[in-house]
Amino acid sequence: MDFSLSPEQEQFKKQVHDFIQQHLTPQLRDEVEREQYSIGPLGKKFVRLMGQQGWLGIGWPQQYGGQGRGAIDQWLFLEEMDLESLPTGGLTLSSAGPTLMRVGTEEQKREYLPKILTGEIEFAIGYTEPEAGSDLASLKTRAERDGDSYVIDGQKIYTSAAHHSTHIWLLARTDPDAPKHRGISLFIVPIDAPGITIRPLATMGSERSNQVFFKHVRIPAANLVGEENRGWYYAAMALDFERLIPHARTQRQLQDLIDYAKNSVVEGRPLSKHPRVRHVLARLAVQVEVVRLFSLRSAWMIENGKTPNVEASILKVFISELSEHIAVAAQDIMGPYAALRRADRLAPANGRIERLYRGFPMSKFAGGTNQVMRNIIAQRGFGMPRS
Ligand SMILES: Cc1cc2nc3c(=O)[nH]c(=O)nc-3n(C[C@H](O)[C@H](O)[C@H](O)COP(=O)(O)OP(=O)(O)OC[C@H]3O[C@@H](n4cnc5c(N)ncnc54)[C@H](O)[C@@H]3O)c2cc1C
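These numbers come from a predicted model, not from an experiment.

Rules of the game
- Per chain, residues are indexed from 1 in the order of the written sequence.
- Reporting of local features is limited, given that this is a predicted model, to residues whose pLDDT is at least 70; pairs of side-chain atoms are given and counted only at 80 or more, and all residues count toward the totals for whole chains, interfaces and linings.
- Under the DSSP-based scheme used, a helix requires at least four consecutive residues in state H or I and a strand at least two consecutive residues in state E, with every element numbered from the N terminus.
- For a compact globule the rule gives 2.2 Å times the number of residues to the power 0.38, and the radius of gyration it is set against comes from C-alpha atoms.
- Remark: C-beta atoms are placed from the backbone, and a residue is labelled buried if 20 or more other C-beta atoms sit within 10 Å of its own, exposed if 12 or fewer do, or partly exposed between those counts.
- As annotated, the domain borders come from an automatic or database domain assignment.
- We call two residues in contact whenever the C-beta atoms placed from their backbones are within 7 Å.
- Three categories are distinguished: nonpolar for Ala, Val, Leu, Ile, Met, Phe, Trp, Tyr, Cys and Pro, charged for Asp, Glu, Lys and Arg, and polar for the others, with Gly belonging to the last.
- The criterion for strand pairing is that DSSP finds at least two bridges linking the strands in question.
- Whether a residue is near a molecule or strand depends on its C-beta atom, generated from backbone atoms, being within 6 Å of that molecule or strand.
- Axis lines are fitted through C-alpha atoms, for helices just across the contact stretch, and the angle between N-to-C directions can take any value from 0 to 180 degrees.
- With respect to orientation, any angle under 35 degrees is reported as roughly parallel, any angle over 145 as roughly antiparallel, any angle of 65 to 115 as roughly perpendicular, and every other angle as oblique.
- Take the far helix as your reference; a near helix turned counterclockwise from it by less than a right angle gives a left-handed crossing, and one turned clockwise gives a right-handed crossing.
- Directions are taken from the helix axis to each C-beta atom, and the arc is the one they span.

**Q** In this structure, what is going on with the overall build of the protein chain? I would like to understand it.
**A** Broken down by element type, the protein chain carries 12 helices and 10 strands. Rg of the C-alpha trace for the protein chain: 22 Å, near the compact-globule value of 21 Å for 387 residues, within the 12% margin. With the C-alpha coordinates of the protein chain rotated into their principal frame, the extents come out at 80 × 50 × 45 Å. Out of the 387 residues belonging to the protein chain, those deemed buried represent 35%.

**Q** What's the story with the domain arrangement of the protein chain in this structure? I'm lost.
**A** Much of the literature gives interface size as the accessible area that the parts lose upon coming together. When cut into domains, the protein chain gives domain 1 (7-88), domain 2 (123-229) and domain 3 (248-382). A separation of 33 Å is found between the C-alpha centroids of domain 2 and domain 3. On the domain 3 side, the residues contacting the six residues of domain 2 number five residues. Classifying every residue of the side of domain 2 that touches domain 3 by side-chain character gives one nonpolar, four polar and one charged.

**Q** Can you walk me through the pairing of strand 2 (residues 142-146) in this structure?
**A** With five bridges connecting them, strand 2 and strand 3 (residues 149-157) associate as antiparallel partners. From the neighbouring strand, Ala 143 faces strand 3, where its bridge partner is Ile 152. Taking the residues that link successive antiparallel strands as the turn, the strand 2-strand 3 hairpin has two residues, and the phi of Gly 147 there is positive, at about 60°.

**Q** Explain the site of the ligand to me, please; I cannot follow it from the model alone.
**A** Taken together, 22 residues form the shell around the ligand, and within it Tyr 127, Gly 133, Ser 134, Thr 369 and Gln 371 come nearest. Those elements giving two or more residues to the shell around the ligand turn out to be strand 1 (123-126) and helix 12 (370-382). For the shell around the ligand, the leading source of residues is helix 12, giving three residues. Both of domain 2 (123-229) and domain 3 (248-382) provide at least three residues apiece to the shell around the ligand.

**Q** How do you make sense of the pairing of strand 1 when you look at a structure like this?
**A** Within a regular strand, the side chains alternate between the two sheet faces. In strand 1, alternate side chains face the same way, and those of Phe 123 and Ile 125 on one face and Ala 124 and Gly 126 on the other are all buried. Relative to strand 4 (residues 167-173), strand 1 runs parallel, the two being bridged by four bridges. Each residue of the ladder has a partner; that of Ala 124, found in strand 4, is Ile 168.

**Q** Where do I start with the packing of helix 8 (residues 248-263) against helix 9 (residues 275-303) in this structure?
**A** When two helices pack together, their arrangement is given by the angle between the helix axes and by the axis-to-axis distance. Running from N to C, helix 8 and helix 9 point in directions that differ by 160°, and their axes come no closer than 10 Å. Considered as vectors, helix 8 and helix 9 are oriented roughly antiparallel to each other. The interaxial crossing formed by helix 8 with helix 9 has left-handed handedness. Contacts between helix 8 and helix 9 pair Thr 250, Gln 251, Leu 254, Leu 257, Ile 258 and Ala 261 from the former with Val 277, Leu 281, Leu 284, Ala 285, Val 288 and Val 291 from the latter. Among the residues making up the contact of helix 8 with helix 9, the classes are represented as 10 nonpolar, two polar and no charged.

**Q** Even after reading the chapter, I still don't get the environment of Lys 316, so can you show me in this structure?
**A** As for its position among the elements, Lys 316 is in helix 10 (residues 310-334). Considered as a pair, Lys 316 and Gly 70 are 246 residues apart in the sequence and their alpha carbons are 21 Å apart. The contacts of Lys 316, once residues within four sequence positions are left out, are Ile 245, Gly 367 and Met 373.

**Q** Sorry if this is basic, but what is going on with the packing of helix 5 (residues 90-103) against helix 7 (residues 231-240) here?
**A** Following both chains from N to C, one finds helix 5 and helix 7 inclined at 130°, their axes separated by 8 Å at the closest point. If you check the angle between helix 5 and helix 7, you find them oblique. With respect to the hand of their crossing, helix 5 and helix 7 are arranged in right-handed fashion. Across the interface between the two elements, Ser 95, Ala 96, Thr 99, Arg 102 and Val 103 from helix 5 touch Tyr 234, Met 237 and Ala 238 from helix 7. Each residue belonging to the contact of helix 5 with helix 7 can be placed in one class, and the counts come to five nonpolar, two polar and one charged.

**Q** Looking at this structure, how should I read helix 7?
**A** Because each turn of an α-helix spans 3.6 residues, side chains separated by three or four positions in sequence point in the same direction. Of all the residues in helix 7, the buried ones are Gly 231, Tyr 234, Ala 235 and Ala 238. Seen along its axis, helix 7 keeps its buried residues to an arc of 100°; they face one direction. Looking at the buried side of helix 7, the elements it contacts are helix 5, strand 4, strand 5 (184-190) and strand 8 (224-225).

As structure tokens, this is what we get:
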């Protein structure tokens, strides 16, 4: 396997880099550093701009308005964006859109796909419920057919982008008598449909998530995605599209620690001369390189028609735990300075370290917990029975 980039790929990477340099204003940088795992108004504007210039459709097929580029180019794009913590269209673009292409009606494709590519339509993912997280198939939100409509009643939780999205990509139960995986359907629900209430849910990482309540929410039957009672399988398909996981953010997090060690003197001795600090940083650098190669390998597999399966779970566990290792090492190296928020002029890396420490636990849960990922690795990777 040859990991080096072709001249065309190098050229493409430079194009992405130049685009970012042209549009990453100090205000946008400030906002993305503050939001980190969420998106603010300037980030939204930036996504629209990317849409207008065709960047959002890099990996989408040309028949749906995309550029039809391969997985490596897509990976290069995501890496460059991730290095600056910039938004890239999220799961609407990488997960819901590609699922719609495969199972949506022609009318749904015409209505939603072009607007997803321009950043006008954004879905919040409405899967998790208070009693259905890892065991998602236990979800209780009901969608009952009534003539040309469905009527939805129930509750979702951790619906992260609901407060700034246009629609909810919703899983709801349509057949309560069927075995639990087989009675679920997938719907597109306009966020402004009467009967929807959104309440903020604070997280320790400062990211806003939401609770969403549905009370007799009536939507056209045409908003059913694919066939009724096949929603579980479509959601699994949507999750399967989330296999390109960029790692560049860990590279930048490590760089923050390296810069700090190079520029700090403790008790008359430069931190960069301290053997323990050097060893910790070197150990983290090895892990960052491992994750870079592993992430590129997944992109290479997709480019070559293979499906990263257990690899995607390994990558998710490794990246989220690497962020944890970096955050913990920062506490060790920086001492109490690591806890200073960005408003404090002494905060290292403009408060990114403090923000990372509060934010990393979230990445071990969102999109499926690391324990569940480890179960998948044991089951699919080693052929062990379901736990
Ligand atoms: C910040 C954030 C954003 C999120 N955004 C969204 C979103 O936009 N849309 C959405 O639908 N969901 C979202 N989620 C929900 C996320 O997918 C769930 O939190 C996750 O799937 C876990 O479900 P749960 O919280 O109900 O925990 P539970 O499933 O109750 O798990 C509790 C604990 O038990 C462990 N556990 C559970 N089952 C097993 C098992 N079989 N083996 C071993 N350990 C197990 C888990 O690992 C965990 O440690 C988000 C979550 C967070 C934290």
